Every structure is written in C-alpha cells, then in structure tokens.
Amino acid sequence: MLVLLVLIVTACSWYRPITELATESVDAGLKRSLISFASARALNGVISALQGTEIAAQPFGVGVSLSVGEILDPINDLVESLSSIMLMASVAFGIEKLLLTMGSNWTVSAFVTIVALLWSALLLWREAPRWLTRLMLALLFVRFVMPVTMIGSAHVFEQFSADDYQQSQAVLDSTSIALQGLAAKDAGERADPAPASRPEETAPPLTPPESKGSGFFDWAGSTLAAARDKASDSLVNLKAPTVSVREQYERLKATAENAAERMIRLIVVFLMQTVVMPLVLLWGLYRLTVALPITGSNHAHRADGLLAGR
C-alpha cells in the first residue's frame, strides 16, 4: 500500500491540470493585488492634492471654513501603508509563480519518478536506505509544495474572503472617484475665479424729493422696506450655505472612516493569502513529508522476531 501510494503521487507530478490550476490561482491573486495597488496609489495622489483644500462659505466675510486636509490626514498614512503592502503582495505572487514554474518543470518530475521507482523497487526487494527515503520525500515536497499552497490559499480566499475583498475594493474605488471630483471642482474654482460682481443696484436717493409733506414719509417708508427685504434675503443666503457645508463635511468624514475600515480589511485579506495560509500549508506539507520520523527500514521484521522469541 505504501508503494502504491508513492507511485500514485509520483504519477500526479506529471498531471498538468494541477499545475494549471495553481497557475490560475497565482495569476488571479497577482491581478487583484495590482488592482488594489493602483487604487491605493490613485487615492494617495488625490489626498495629496486635497491637502490644502478648504470647504468654505463666507457670505459678508463671516461663515464656515473647513479644511479637507484635516479630514483626510488620518487616512493618508493608512493609504501609504496599504499601497506598500499591495506592492509586497504583488512581489510575493510573482515569486510564487516563479517557484511554481521551477518546481513543475519536467526535469523535476523526471527526477522524482526515477527516485520513487528506485525506492519502490528496493523496498519491495529487501529494504530502502534511509537516505534514499529522505531524498524521495524531499523531492516530493519540492514538486508539490507550491501547487498545494497556492491551490489551498486560493480555496480559502474564495470561501471566506472573496466577498469582503470585492466590497472593500468597491469602496476604495468609489472613495477615490468622489475625492477626484472634489479635487476637480477645487481646481476649476481656482482656475476660474469668482464671477465678476454684479453691478451695484441703484440705491434709493438719499435726499428727499423737492415736494414736502407726505412725499417725504412715503420716500422714507419705501427706503426702510427695501432695506428690510435686502437684510432678510442676506440672512437666508447666510444660513443655507452653512448647513450645506456642514452636511458636506460630515459626509466626507463618514466616507473617510468607511474607507479606512475597508483598507484595513484589504490588508488582512492579502496578508492571509500571501503570508498566513501559505505558511500554514507549507508547515503541514513539511510535517507530512520531510519531517516524518523514519525508523529502521526492516522494523516490521524486527517486531515479528521479537514476538516470535517471546
């Protein structure tokens, strides 16, 4: 049974769909990491462009002035960390793909086959040397370590992290688009200054008409009514932009907080796929192959002899 198991595993080293499935998993992970890296760099650039931007409403020189940089500064460092981790994840996927290509080369499979056949023949004939058993297990580990870790990590990602990744990536992209629109609006306002002030309205004459009597009171009443209406309109114009600015500030703050949470989730997803799960699977496969305790090759015959002597 042991020889049959070794021969089946050796035959799997020539089975190309295993390598192709592992390659597809690595390519998909590399594509995701590059997309997230590009999104993080774009968001970082937009935040840098908005560092000095202010949301202001100042009718009559009195109003509200809120700095966008104060809102986005806390997540600026997080965006830079995210882009660095995405770059490292991309490099990790690239290294994994290179190791997968090297391990799945036909020369490695041929070497595994030769050693496995020799080991099986010696074991069936009499006994296999311990060094040959170690060599065979080491070759099987080298041949299957990358396909097993890549396929296993991809399976864990699809089962537990795929939805979280898609939602976080969508939030990151939408945040970048929203901030780009704000940056474009700010750039347009700087390029196109405030429109020319309207011509001053003709004020009512400050001197009463020549005719005396009730004409003077009519003139005074109309002047006071016009001043009251103008002051009322000014108060309305002062109140409306202030409320709008505060709402925009709170909306931008909520967007930044949501983006920060999603960026942390993206970091967790990629660290799990490129570091944690590969190390766990690597350790498990190592324990199953190279680190197996190997006793004497004829231990079964020794045990039978001891039982017979008793």
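Above this text is the structure in question.
Because the structure is predicted, anything quoted here is derived from the model rather than measured.

Trainee: It is not clear to me how the nonpolar core should be interpreted in this structure. Could you clarify?
Mentor: What tends to happen in soluble globular proteins is that the nonpolar side chains get buried as a cluster. Counting 37 residues, the largest nonpolar core has Leu82, Leu179 and Met263 as its most contacted members. Among the elements of the structure, helix H2 (16–49), helix H3 (68–103), helix H5 (130–160), helix H6 (162–191) and helix H7 (214–288) are those that each provide at least two residues to this core. Counting residues per element, this core draws most heavily on H3, at 11 residues. Excluding its chain neighbours within four sequence positions, the residues that come into contact with Leu82 are Ala40, Leu172, Met263, Leu266 and Ile267. The next biggest cluster of nonpolar side chains, apart from the first, holds 14 residues, and it includes Val112, Ala116, Trp119 and Met136.

Trainee: Explain a negative patch on the surface here, please?
Mentor: On the surface, Glu70, Asp73, Asp77 and Glu80 cluster together into a negatively charged patch. Tracing the sequence through the fold places Asp73 in helix H3.

Trainee: I tried to follow H5 on my own but got confused; where do I start?
Mentor: Each α-helix turn comprises 3.6 residues. Residues three or four places apart therefore point the same way. Taking 1.5 Å of rise per residue, 31 residues should cover 45 Å, and H5 covers 42 Å from first to last C-alpha, within 8% of that figure. The principal kink in H5, of about 45°, is found at Phe144, preceding the proline Pro147 by one to four residues.

Trainee: Sorry, what's going on with empty space enclosed by the protein here?
Mentor: Gaps between atoms show up when a probe of the same size as a water molecule is rolled over them. This model, assessed by the stated rule, comprises 1 cavity of 30 Å³ or more. Empty space within the largest cavity amounts to approximately 40 Å³. Looking at the largest cavity, the residues that line it are Ser25, Val26, Phe93, Glu96, Met150, Ser153, Ala154, Gln273 and Pro278. Looking at the lining of the largest cavity, the elements with two or more residues in it are H2, H3, H5 and H7. When residues in the lining of the largest cavity are grouped by element, the largest group, 3 residues, is from H5. Of the residues in the lining of the largest cavity, the class split is 5 nonpolar, 3 polar and 1 charged.

Trainee: Teacher, can you tell me more about the packing of aromatic side chains here?
Mentor: For any two aromatic rings, the description comes down to two numbers: the centre-to-centre distance and the angle of the planes. For the coordinates displayed, the defined rule picks out 3 aromatic pairs. Ring centres 6.1 Å apart and planes at 80° place the aromatic pair Phe141 and Tyr286 in the edge-to-face group. With Phe141 in helix H5 and Tyr286 in helix H7, the pair connects residues that are 145 residues apart, well separated along the chain. The ring of Phe157 is capped by Arg32, whose NZ or CZ atom sits 3.8 Å from the centre of that ring.

Analysis parameters
Residues numbered from 1 in each chain as written. Predicted model: local features only at pLDDT ≥ 70, side-chain atom pairs only at ≥ 80, totals over all residues. Heavy atoms only, no water. Core = buried A, V, L, I, M, F, W, Y, C linked by side-chain atoms within 4.5 Å. Buried < 20%, exposed > 50% of the residue type's maximum accessible area, 1.4 Å probe, protein only. Helix = DSSP H or I, 4+ residues; strand = E, 2+ residues; numbered from the N terminus. Contact = heavy atoms within 4.5 Å. Patch = residues over 30% accessible without salt bridge, like charges linked within 9 Å, V, L, I, M, F, W, Y side chains within 5 Å. Areas by Shrake-Rupley, 256 points an atom, 1.4 Å probe, with all protein chains shown as cover. Salt bridge = Lys/Arg side-chain N within 4 Å of Asp/Glu carboxyl O. Lys, Arg positive; Asp, Glu negative; His and termini not counted. Charge placed at Lys NZ, Arg CZ, Asp CG, Glu CD. Expected span 1.5 Å × (residues − 1). Bend = angle between axes of the 7 residues up to and from the residue. 1 Å grid on protein atoms, 1.4 Å probe; cavity = no way out; pocket = protein on both sides within 12 Å on 5 of 7 lines; lining within 4 Å. Points joined across faces, edges and corners; volume = space filled by probe spheres on them. Nonpolar A, V, L, I, M, F, W, Y, C, P; charged D, E, K, R; others polar. Phe/Tyr/Trp six-rings, centres within 6.5 Å; stacked < 30°, edge-to-face > 60°. Lys NZ or Arg CZ within 6 Å of the ring centre and 35° of its normal.

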